[in-house]
Amino acid sequence: MSKINFPKYTWPVAVFSIGLVATLLVVAIARNYQIHANKESFHHGAQQRTLTLQSLIDSDIHILGSAANFFYSTPSELWDNFDVFTPRILEYSMAIVAVEWLERIPPNKLDTRVEALKKRFPGFQAHTVIDRQKVIGFHDKTTEKFLVADIMPRTANNMNLLGFYPVQERFSRSVESMERTGVAVVSDRVRLLQDGTHSTIDKTGVLVYHPVFDANNQDKTAQNKPLIGSVIGVLRITDYISEVLRKFEGHRPLNLKIVDTGFEAEDASLLYTNEYYSDSKGLHSRNLLHLPNRVWEVHYQAEDKLSSDQVLALSIIAGAGFLLSVLMATIFYVLDSHRLVISRRLADRTQQLEQLVHQDCLTGVANRRKFDATISLWVAAKKSFGLLVLDVDRFKSINDTYGHAIGDEVLKTISYLLTDQCRTKDIVARIGGDELAVLCHVNSDRELCQLAEVLRQQVERNPFVVKEHRFRVQLSIGGVFYRNGMTEEDMHIQADRELYNAKRSGRNQVSIAA
Ligand SMILES: Nc1nc2c(ncn2[C@@H]2O[C@H](COP(=O)(O)OP(=O)(O)OP(=O)(O)O)[C@@H](O)[C@H]2O)c(=O)[nH]1
């Protein structure tokens with residue numbers, strides 16, 4: 001089976017390509033895995049932040065609920081102790097800006113209640129805000145009022161709110177909701193009075209209204225519960241965000257947007273957004289935050305990109321894969337080069353051995369084995385050829401006279417001279433001690449005879465010079481031209497017979513079978 005000899009660079013290039021493809025595959029799989037892991041971690045992070053936000057707000061609503069319980073469970077004579085009770089509960093919150101006691105006062109008691117509060121808080125005055133303008137006193141005394149009768153903590157900003165009574169329609173609706181449901185109400189986004197009333201001031205707060213019912217009234221149906229006031233918690237949304245950011249410091253940063261979907265939220269539904277938040281780019285997660293009467297949608301967004309560490313890891317994998325491919329290709333190149341060198345050497349050696357098998361080791365011409373094989377082939381192929389058998393005349397005396405080594409040199413020289421005179425395709429062989437043979441491409445007896453004569457003369461004319469001796473060597477040649485039906489043995493016998501004739505006729509002669 002013949003072996004395919006690929007060009008020298010085929011295997012290294014193939015190995016390098018396979019390595020490169022494998023590397024790209026691994027990088028692609030790793031990249032997909034990282035993208036998937038990033039998505040998972042993003043959604044997990046979003047969920048965790050929402051839960052944290054929910055627990056912070058829930059905790060504050062409960063804190064405010066306990067403030068409401070203070071008024072519900074304490075006789076009105078002891079309500080002045082609100083400042084003793086509240087600081088303890090406020091310790092647990094970081095986003096409650098103020099806790100207000102909004103007392104319900106019927107129209108006929110407005111003045112007396114204000115007078116009492118003035119005694120308790122010097123400088124106290126009833127006031128409200130209408131169209132962002134502060135109105136001192138009661139703009140009308142025919143309707144009941146919910147008035148801020150106490151506030152905690154008593155910072156300068158908070159104290160300005162003492163005596164405030166809301167007049168907006170939305171407050172009436174909150175009261176109606178508390179009376180109807182009996183549970184707390186969370187407002188939409190509002191501008192905190194603590195920050196001012198100007199329209200340029202950002203709305204960063206929400207209010208949590210906790211109803212306070214008359215504990216002495218036995219009517220348990222929600223519709224008829226007598227509401228005696230409300231505890232309002234003023235919450236700063238940005239404080240929650242800061243707290244969430246603080247808790248998740250060191251985690252992957254997520255952009256955040258909070259949208260209020262609740263009652264009266266249309267005016268200012270966007271509760272909070274950070275400056276990098278984008279609705280159109282990257283990964284998005286929508287989570288819900290449930291408040292007593294409304295739902296906030298918390299949207300998270302993050303870049304859908306690999307982090308620099310992940311890019312570095314992928315680059316290292318790619319680089320290592322590339323280097324490995326180069327290394328493998330180099331190893332293959334070296335191994336293949338070695339293989340080629342070895343197979344070339346093997347071919348050379350095989351050729352040399354083949355030559356040795358068919359070569360006469362003294363003269364370098366073909367040996368008996370080669371001669372026999374060639375004549376058989378030529379006979380089988382019915383070639384037009386002739387056989388000459390050549391014997392050195394009186395070679396024994398050359399050996400005896402000049403020594404065996406000189407005899408060897410004579411044989412070598414004769415072989416050289418014969419080869420020189422024959423054509424490349426002809427075969428010159430040494431078939432015995434001083435006996436040589438020539439298989440030559442000729443077309444007739446005559447051509448064979450001419451060649452034999454040329455060979456004989458060539459040797460005869462060539463002077464052999466050994467030390468101070470100068471001698472000549474002669475050949476006797478017998479020959480036969482191949483004819484159809486002859487075997488190689490027939491040719492041998494006839495050529496030997498002709499050689500014998502040449503010897504018997506006086507040597508240094510050519511005799512060709514007729
Ligand atoms: N130097 C040398 N001599 C060899 C070699 N092989 C055979 N001889 C000698 O060649 C001689 C051949 O002698 P023969 O062919 O019998 O006779 P001849 O002396 O050549 O005489 P004729 O053939 O009758 O002319 C012998 O003395 C062999 O010992 C060889 O390889 N080297």
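Our structure is the block above this text.
All values derive from a computational prediction rather than experimental measurement.

Each value, and the rule that gives it
Residues numbered from 1 in each chain as written. Predicted model: local features only at pLDDT ≥ 70, side-chain atom pairs only at ≥ 80, totals over all residues. Heavy atoms only, no water. Helix = DSSP H or I, 4+ residues; strand = E, 2+ residues; numbered from the N terminus. Expected span 1.5 Å × (residues − 1). Buried < 20%, exposed > 50% of the residue type's maximum accessible area, 1.4 Å probe, protein only. Contact = heavy atoms within 4.5 Å. Axes fitted to C-alpha atoms, helices over the stretch in contact; angles between N-to-C directions. Parallel < 35°, antiparallel > 145°, perpendicular 65-115°, else oblique. Left-handed = near helix turned anticlockwise from the far one by under 90°. Salt bridge = Lys/Arg side-chain N within 4 Å of Asp/Glu carboxyl O. Disulfide = S-S within 2.5 Å. Near = heavy atom within 4 Å. Polar contact = N/O pair within 3.5 Å; in protein donor to acceptor, adjacent residues only side chain to side chain. Areas by Shrake-Rupley, 256 points an atom, 1.4 Å probe, with all protein chains shown as cover. Nonpolar A, V, L, I, M, F, W, Y, C, P; charged D, E, K, R; others polar. Pairing = 2+ DSSP bridges. Phe/Tyr/Trp six-rings, centres within 6.5 Å; stacked < 30°, edge-to-face > 60°. Core = buried A, V, L, I, M, F, W, Y, C linked by side-chain atoms within 4.5 Å.

Engineer: Tell me what's going on with helix 7 (residues 308-357), and back it up with residues and numbers.
Structural biologist: Owing to its 3.6 residues per turn, the α-helix aligns residues three or four sequence positions apart on the same side. Compared with the 74 Å implied by 1.5 Å per residue over 50 residues, the 72 Å span of helix 7 between its first and last C-alpha is a close match. Turning to helix 7, its buried residues number three or more, namely Gln310, Leu314, Gly321, Ser325, Ala329, Asp336, Ser337 and Leu340. Next to the buried residues of helix 7 lie helix 1 (10-73).

Engineer: Could you give an account of the packing of helix 10 (residues 404-421) against helix 11 (residues 445-461), with specific residues and numbers?
Structural biologist: In the contact formed by helix 10 and helix 11, the axes pass within 10 Å of each other and the chain directions differ by 140 degrees. For the element pair helix 10 / helix 11, the angle class is oblique. Where helix 10 crosses over helix 11, the handedness of that crossing is right-handed. Contact residues: helix 10 offers Ile414, Leu417, Leu418 and Gln421, while helix 11 offers Leu451, Val454, Leu455, Gln458 and Val459.

Engineer: Explain the pattern of salt bridges to me, using residue names and the numbers behind them.
Structural biologist: All chains considered together, the criterion is met by 30 salt bridges. For Arg104, the salt bridge is made with Glu179, and the minimal N-O distance between the two is 3.0 Å. One end of the pair, Arg104, is in strand 1 (residues 96-105); the other, Glu179, is in helix 5 (residues 169-181), with 75 residues separating them in the sequence. Residue Arg246 is joined to Glu243 by a salt bridge in which the shortest nitrogen-to-oxygen separation is 2.8 Å. Here Arg246 pairs with Glu243, and both are found in helix 6 (residues 237-247), just 3 residues apart, close to one helical turn. Taking relative accessible area as the criterion, Arg246 reaches 49% and is therefore assigned partly exposed. Glu243 gets classed as buried once you look at its relative accessible area, which sits at 13%. In this structure, a network of salt bridges that share partners links the residues Asp80, Asp83, Arg120, Asp150 and Arg154.

Engineer: Requested: an account of unusual backbone geometry, with residues and values cited.
Structural biologist: A cis amide bond links Met152 with the next residue in sequence, Pro153, at an omega value of -15 degrees. Position of Pro153 among the secondary structure elements: in the loop between strand 4 (145-152) and helix 4 (156-159). A positive phi angle, near 50 degrees, is found at Arg394, a position not held by glycine. Secondary-structure assignment places Arg394 in the loop between strand 12 (386-392) and helix 9 (395-402).

Engineer: Account for the state of the cysteines, with residues named and values stated.
Structural biologist: Taken as a whole and assessed by the stated rule, the structure comprises 0 disulfides. A disulfide-free cysteine, Cys440 has its sulfur positioned 6.5 Å from the sulfur of Cys422, the nearest such atom.

Engineer: Now, about the site of the ligand: what can you tell me, with residues and values included?
Structural biologist: Around the ligand there are 16 residues in total, and Arg394, Lys396, Asn399, Asp408 and Arg430 lie nearest to it. Between an oxygen atom of the ligand and a main-chain N or O atom of Lys396, the distance comes to 2.9 Å. One of the side-chain N or O atoms of Arg507 is found 2.9 Å from an oxygen atom in the ligand. A total of 650 Å² of accessible area belongs to the ligand in isolation, and the protein chains cover 66% of it. It is helix 10 that provides the largest number of residues to the shell around the ligand, a total of 4 residues. Per-class residue counts for the shell around the ligand are 3 nonpolar, 4 polar and 9 charged.

Engineer: Please set out the sheet that holds strand 11 (residues 294-302) residue by residue, giving values where relevant.
Structural biologist: Within the open sheet, the 4 strands sit side by side as 9-8-11-10. Their pairing is antiparallel. In this open sheet, the two strands that pair with only one neighbour each are strand 9 (270-273) and strand 10 (283-291). Going from strand to strand, the sheet's axes swing by 15 degrees on average, the running direction of each strand aside. Taken together, the 3 bridges between strand 8 (residues 255-260) and strand 9 define a ladder with antiparallel strand orientation. The residue of strand 9 that forms the bridge with Val259 is Leu270. Against the sheet, helix 6 touches strand 8 and strand 9, its axis set at about 35 degrees to strand 9.

Engineer: For the packing of aromatic side chains, give the residues involved together with the corresponding values.
Structural biologist: Per the stated rule, a full pass over the model turns up 16 aromatic pairs. Between Phe71 and Trp101 the ring centres are 3.9 Å apart and the planes differ by 10 degrees, which places this aromatic pair in the stacked class. With Phe71 in helix 1 and Trp101 in strand 1, this residue pair connects regions lying 30 residues apart in the sequence. Accessibility classification places Phe71 together with Trp101 in one group, the buried group. On the numbers, 5.3 Å between centres and 80 degrees between planes, the contact of Trp378 with Phe385 is edge-to-face. Among the residues examined, Phe385 registers a relative accessible area of 0% and is labelled buried.

Engineer: So what about the nonpolar core? Which residues, and what values?
Structural biologist: Within the largest apolar cluster, 77 residues are counted, with the highest numbers of intra-cluster contacts made by Phe71, Val99, Leu147, Val231, Ile258 and Trp296. Looking at this core element by element, the count peaks at 12 residues for helix 1. Excluding residues that lie within four positions of it along the chain, Ile258 makes contacts with Leu53, Ile241, Ser269, Leu270, Leu271, Tyr272, Trp296, Glu297 and Val298.

Engineer: Lay out the packing of helix 1 against helix 2 (residues 82-90) in plain terms, naming residues and giving numbers.
Structural biologist: Helix-helix packing is described using two parameters, namely the angle between the two axes and the distance between the axes. Where helix 1 meets helix 2, the closest approach of the two axes is 10 Å, and the angle between their N-to-C directions is 160 degrees. Accordingly, the angle class assigned to the pair helix 1 and helix 2 is roughly antiparallel. Seen along the crossing, helix 1 lies across helix 2 with a hand that is right-handed. Residue-level contacts link Ile63, Ser66, Ala67, Phe70 and Phe71 of helix 1 to Phe82, Phe85 and Ile89 of helix 2.

Fair warning: the whole summary comes from geometry, so function is off the table for now.
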